[in-house]
Amino acid sequence: MAEANTLGGTYTFPGTALTVHRMGYGAMQLSGPHIFGPPKDRAAAVAVLRRAVEAGVNHIDTSDFYGPHVTNQIIREALHPYRDGLVIVTKVGARRGEDGSWIQEHGPQFLIDSVHDNLRNLGLDVLDIVNVRGTGLMAPEEGFDVRPAVEAIAELQRRGLVKHIGVSNVSARHIADAQSIAPIVCVQNLYNVVQRADDALIDDLAKQHIPYVPFFPLGGFTPLQSDTLNSVAAGLGATPMQVALAWLLHRSPNILLIPGTSSVGHLEENLAASNLKLPADVLETLDGLTQEKSA
Ligand SMILES: NC(=O)c1ccc[n+]([C@@H]2O[C@H](COP(=O)([O-])OP(=O)(O)OC[C@H]3O[C@@H](n4cnc5c(N)ncnc54)[C@H](OP(=O)(O)O)[C@@H]3O)[C@@H](O)[C@H]2O)c1
């Protein structure tokens, strides 16, 4: 009989009543090309979300600037009324230009409006977790002061519109600054088997029991390509993407996964990675992977 998939076990966001499976789902890929406009096949997007939740996923990552609005509206269409225990995490700190450009914005009124957009498009009265996204596209910009933005969301928390606050695309200093304003329940930064700038940060957050949620766990818009990943995967009878996800689950118990996909087939493959065991020699090989040039 096939081993039951426990989706990597569970993790509770610190100081909250929110417990999720470590294997979640990132909804960004559900809008149109370049995360702008509607998807080619809306019914397929709805099907991915419904299958994820049916399979036990209870952590969905999103933002109202995906589409914009489109991804959240598809989540609502697919899953509302939401199952008990489903945790939807959104993020604020940017908007889209009419040409699809990504415009970073952190003024208090803009952030308040962004929270209301998320509430309306998701069909919620309160958001579980709002990540304040710092500036910079792939890596944090140290010059950014996260505190006023966290203060704006903390005020919405006091008003009962937001349960908990996280941060994204941030440095250790940004996190400490944010923690001087409000408890921070998760951190979402770029990290995967070949991009490991946050190694020390992950270990530090683990000591604080704060989950680290890597974005681009599969490499993002251009998924990971590596001869080593390919040969390790072939040896295990798995796919390279499954190996990449299994390595992340192994890397630290405070890592929660939100791989993104627009296909039910890829979703099933990604969820199955929770059950993939990586032997010690494979882990050693993968640990050395950052040195390899992408194929
Ligand atoms: N905080 C931030 O600044 C930030 C930035 C980026 C993303 N995020 C969040 O992080 C989540 C994950 O990031 P992401 O979706 O951009 O990147 P990702 O999970 O690293 O990779 C997604 C890409 O991999 C492909 N893919 C997924 N599963 C696959 C499989 N089993 N085999 C082959 N290809 C596969 C997808 O294509 P298919 O659709 O064809 O499967 C898509 O092109 C997003 O959904 C979003 O919620 C946050």
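Up top you'll find the structure we're talking about.
I would appreciate a short explanation of the side chain of Asn58 in the present structure.
Looking at where Asn58 falls in the secondary structure, it is placed in the loop between helix 1 (42–54) and strand 4 (59–61). Look at Asn58 and you get buried, because its relative accessible area is 16%. A distance of 2.8 Å separates a polar side-chain atom of Asn58 from the backbone nitrogen of His21. Ignoring anything within four residues of it in the chain, the contact list for Asn58 reads Thr19, Val20, His21, Gly85, Leu86 and Val87.

What am I meant to see in the site of the ligand here?
In the region of the ligand, 26 residues are neighbours, and Asp61, Arg133, Thr261, Ser262 and His266 sit closest. With respect to the ligand, the backbone of Leu218 contributes an N or O atom lying 2.6 Å from an oxygen atom. Taken by itself the ligand offers 900 Å² of open surface, and the protein chains cover 89% of this. Considering every element that reaches the shell around the ligand, the biggest residue donor is helix 9 (residues 264–272), with three residues. When grouped by side-chain class, the residues that make up the shell around the ligand number eleven nonpolar, eleven polar and four charged.

Mind showing me how you'd approach the packing of aromatic side chains here?
Aromatic ring pairs are reported here in terms of the distance separating the ring centres and the angle at which the planes meet. One pass over the structure, following the stated rule, counts six aromatic pairs. With centroids separated by 5.8 Å and ring planes inclined at 85°, the aromatic side chains of Tyr191 and Tyr212 adopt a geometry described as edge-to-face. Of this pair, Tyr191 sits in the loop between strand 10 (184–188) and helix 6 (199–207) while Tyr212 sits in the loop between helix 6 and helix 7 (227–236), and the two are 21 residues apart along the sequence. Both residues of the pair, Tyr191 and Tyr212, belong to the buried class. Ring plane angle 25° and centroid distance 6.1 Å describe the contact between Tyr191 and Trp247, whose orientation is recorded as stacked. Taken together, the positions of Tyr191 in the loop between strand 10 and helix 6 and Trp247 in helix 8 (residues 240–251) put the pair 56 residues apart, joining distant regions of the chain. Trp247 matches Tyr191 in its accessibility class, with the two residues each being buried. Among the aromatic residues, ring-to-ring pairing joins Phe65, Tyr66 and Trp102 into one connected group.

Quick notes on the rules
Residues numbered from 1 in each chain as written. Predicted model: local features only at pLDDT ≥ 70, side-chain atom pairs only at ≥ 80, totals over all residues. Heavy atoms only, no water. Helix = DSSP H or I, 4+ residues; strand = E, 2+ residues; numbered from the N terminus. Buried < 20%, exposed > 50% of the residue type's maximum accessible area, 1.4 Å probe, protein only. Polar contact = N/O pair within 3.5 Å; in protein donor to acceptor, adjacent residues only side chain to side chain. Contact = heavy atoms within 4.5 Å. Near = heavy atom within 4 Å. Areas by Shrake-Rupley, 256 points an atom, 1.4 Å probe, with all protein chains shown as cover. Nonpolar A, V, L, I, M, F, W, Y, C, P; charged D, E, K, R; others polar. Phe/Tyr/Trp six-rings, centres within 6.5 Å; stacked < 30°, edge-to-face > 60°.

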